[in-house]
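Now for the letters of each chain:
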Amino acid sequence: MNLLPKSSKEFGSVDYWEKFFQQRGKKAFEWYGTYMELCGVLHKYIKPREKVLVIGCGNSELSEQLYDVGYQDIVNIDISEVVIKQMKECNATRRPQMRFLKMDMTQMEFPDASFQVVLDKGTLDAVLTDEEEKTLQQVDRMLAEVGRVLQVGGRYLCISLAQAHILKKAVGHFSREGWMVRVHQVANSQDQVLEAESQFSLPVFAFIMTKFRPVPGSALQIFELCAQEQGKPVRLESAEQLAEAVRERQQYAWLCSQLRRKARLGSVSLDLCDGDTGEPRYTLHVVDSPTVKPSRDNRFAIFIIPQGRETEWLFGMDEGRKQLAASAGFRRLITVALHRGQQYESMDHIQAELSARVMELAPAGMPAQQQVPFLSVGGDIGVRTIQHQDCSPLSGDYVIEDVQGDDKRFFRRLIFLSNRNVVQSEARLLKDVSHRAQKKRKKDRKKQRPAEAEDLPAAPEQSIDKSYLCCEHHKAMIAGLALLRNTEQLPAQPRYDVIMFDVDSKDPTLGMSCPPPAFVEQSFLQKVKSILIPEGVFILNLVCRDLGLKDSVLAGLKAVFPLLYVRRIEGEVNEILFCQLHPEQKLATPELLETAQALERTLRKPGRGWDDTYVLSDMLKTVKIM
């Protein structure tokens, strides 16, 4: 039996609803959830002794169940005579104090200020089917009547899907009247989130419009969003901000529904924000590994990235996260990055905070009560200490922070917050000026009187381990020194054996973030050529995602430096270009190769920091000759 209307306009027709309830009979029809799904928000905003008017009651069991738990001063109205007769017959004996009246909610017969709550479950959505003038006028009459029959301090509690045109109309109407506007997302239980595979993916919201006494000349407007039943409402500055916040939650609900239905959606990431401040607190990446053989225990896991390590290739790049998920052996892995500026007590605290939310991202068929493992490196959340933060006129806000690496050594990093997932510069700290030692010195200074503090030994200036290169592209650039022939330079000659460029671009609209375009213009490259000895090497770090632009840059370089070699860094966008002047030079001669191998052996000595799998001799054999 098809009860759906031929068009949405029929939702506003008396004849449609009479036919609907005749065909459906006495079987309850619940818009947007049952009492059990809505009771949390209903009990929060309705007191048992208050007078409640339910508009467009239909044959929902919501009023009956509210009555049975103590809300007994309830009046129900509906435009359908059929449904009012049905509901009277069902409740006359069991709920004698509850009333059912046939009445048009746009022309109600109650005196002014008769009720403390007007409850609407889907009625506004059913009436406001479009934004035609006739429809909007009908809705205006409905909302005006709601305001008339409510007492000052009373609330219009509307359960809705909060589609954009409905939210705009409701919020706009009541905010102009000087009412407080709050939108409260109705929380589904975990079982419903995981098992309601066939239901619509839009979340349900409650509008709570609180009637204030009119204040002449006052332009005060209050907009709030409450994302959880027990959460603290967040105050927003405008109706537009409120609409955007609701839209974000709708998009999140859609994403969750797609993740439950499909094994893979490509690259998926999202931010979870602090409920009080609205600032990002966690960044989640959903990584599916369909090649992993499924079993009961490997469907789903959460990986907490230690603080400060979110920029590493394994955690910060799509390919790295795929490798992490495959090696962990889970069909779906969610990586969680922790944001600077947020406080995290412990792994247990993070697990408690995230457990309910991440289960919304679980794959299809995941048992609701199954334990989900939380993984990390070494079982802890890492250490991140901000040493300094400021604003640069060129680069904007930046932060200098110390983070603990995998080997428990500390690294000092420069991060430009305009691109917070990229380490702009990094150095390893010497052990004797580790994170804890620095904190102790600061604490000792605070304990001393100012006169005595001057006598305390300062932290050593040489706190950086200068024997260690943190960045892979720096290692490749230094390796380029092996390309130099033995040359003797006259002291007075204003030329150089090696020129290195590793310059960041500040223009995010370009497809090239290193170097700025001015550094690869022909006139500038000619100046570089003029100060380079004939046998010298010009080494350039190139970071360019625009393939056409990269081809143009390479062609421009080769026009000035005929001999051009490219070293690509695995897992990074960086490419190191080695440029020389004379094509007749041979790069990988036995002499140069022997020099490179000697340099490699020197750098690999204990404590020198060249401790990865980078091999200079391999680089010299596999470079691409342009």
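Residues numbered from 1 in each chain as written. Predicted model: local features only at pLDDT ≥ 70, side-chain atom pairs only at ≥ 80, totals over all residues. Heavy atoms only, no water.

(A) Structural detail: the nonpolar core. Counting residues in each nonpolar core, the largest one holds 40 residues, and the members touching the most others are Leu 53, Ile 55, Leu 124, Tyr 156 and Phe 207. The element best represented in this core is helix H6 (residues 133–149), accounting for six residues. Leu 66, Met 87, Phe 100 and Val 117 belong to the second largest nonpolar core, which has 30 residues in total. (Core = buried A, V, L, I, M, F, W, Y, C linked by side-chain atoms within 4.5 Å. Buried < 20%, exposed > 50% of the residue type's maximum accessible area, 1.4 Å probe, protein only. Helix = DSSP H or I, 4+ residues; strand = E, 2+ residues; numbered from the N terminus.)

(B) Highlighting the packing of aromatic side chains. Under the criterion given, the structure shown has eleven aromatic pairs. Geometrically, the ring pair formed by Tyr 156 and Phe 174 is tilted, given 5.5 Å between the ring centres and 40° between the ring planes. Linking Tyr 156 in strand E5 (residues 150–160) with Phe 174 in helix H7 (residues 164–176), this pair joins segments that are 18 residues apart in sequence. Side by side, Tyr 156 and Phe 174 carry an identical accessibility label, which is buried. Relative to Phe 519, the ring of Phe 501 has its centre 5.5 Å away and its plane inclined at 80°; by these criteria the two rings are edge-to-face. (Phe/Tyr/Trp six-rings, centres within 6.5 Å; stacked < 30°, edge-to-face > 60°.)

(C) Here's a closer look at the pattern of salt bridges. Scanning all chains against the criterion turns up 24 salt bridges. Among the salt bridges present, the one from Glu 224 reaches Arg 235, with a minimum N-O distance of 2.9 Å. With Glu 224 in strand E8 (residues 222–226) and Arg 235 in strand E9 (residues 234–236), this pair connects stretches of sequence that are eleven residues apart. Each of Glu 310, Arg 340, Arg 384 and Glu 401 takes part in one network of salt bridges that share partners. (Salt bridge = Lys/Arg side-chain N within 4 Å of Asp/Glu carboxyl O.)

(D) Layout of the pairing of strand E23 (residues 575–580). In terms of residue burial, E23 counts as a mostly covered element, since six of its six residues are buried. The alternating pattern of E23 places Glu 575, Leu 577 and Cys 579 and Ile 576, Phe 578 and Gln 580 on opposite faces, both of which are buried. Examined bridge by bridge, strand E21 (residues 532–544) and E23 share five bridges and lie antiparallel to one another. Residue pairing in the sheet places Asn 541 in a bridge with Ile 576 of E23. As paired strands, strand E22 (residues 563–568) and E23 are joined by six bridges and run antiparallel to one another. (Pairing = 2+ DSSP bridges.)

(E) Spotlight on the sheet that holds strand E6 (residues 180–185). Pairing is mixed in the open sheet, where nine strands are placed in the order E3-E2-E1-E4-E5-E7-E6-E8-E9. On the outer flanks of this sheet lie strand E3 (99–102) and E9, each paired with one strand and no other. The sheet shows a mean angle of 20° between the axes of neighbouring strands, direction not considered. Bridge analysis of strand E1 (residues 52–55) against strand E4 (residues 115–121) gives four bridges, and the strand direction is parallel. Bridge pairing in E4 places Leu 53 opposite Val 118. Lying over the sheet, H6 contacts E1, E4 and E5, oriented at roughly 140° with respect to E5. (Axes fitted to C-alpha atoms, helices over the stretch in contact; angles between N-to-C directions. Contact = heavy atoms within 4.5 Å.)

(F) Structural context of the sheet that holds strand E11 (residues 280–288). Spatial ordering of the open sheet is given by E10-E11-E13-E12-E14, a layout of five strands whose pairing is mixed. Strand pairing shows two members of the sheet lacking a second neighbour, strand E10 (268–273) and strand E14 (374–376), which therefore form its edges. Between one strand axis and the next, the sheet turns through 25° on average, direction left out of account.

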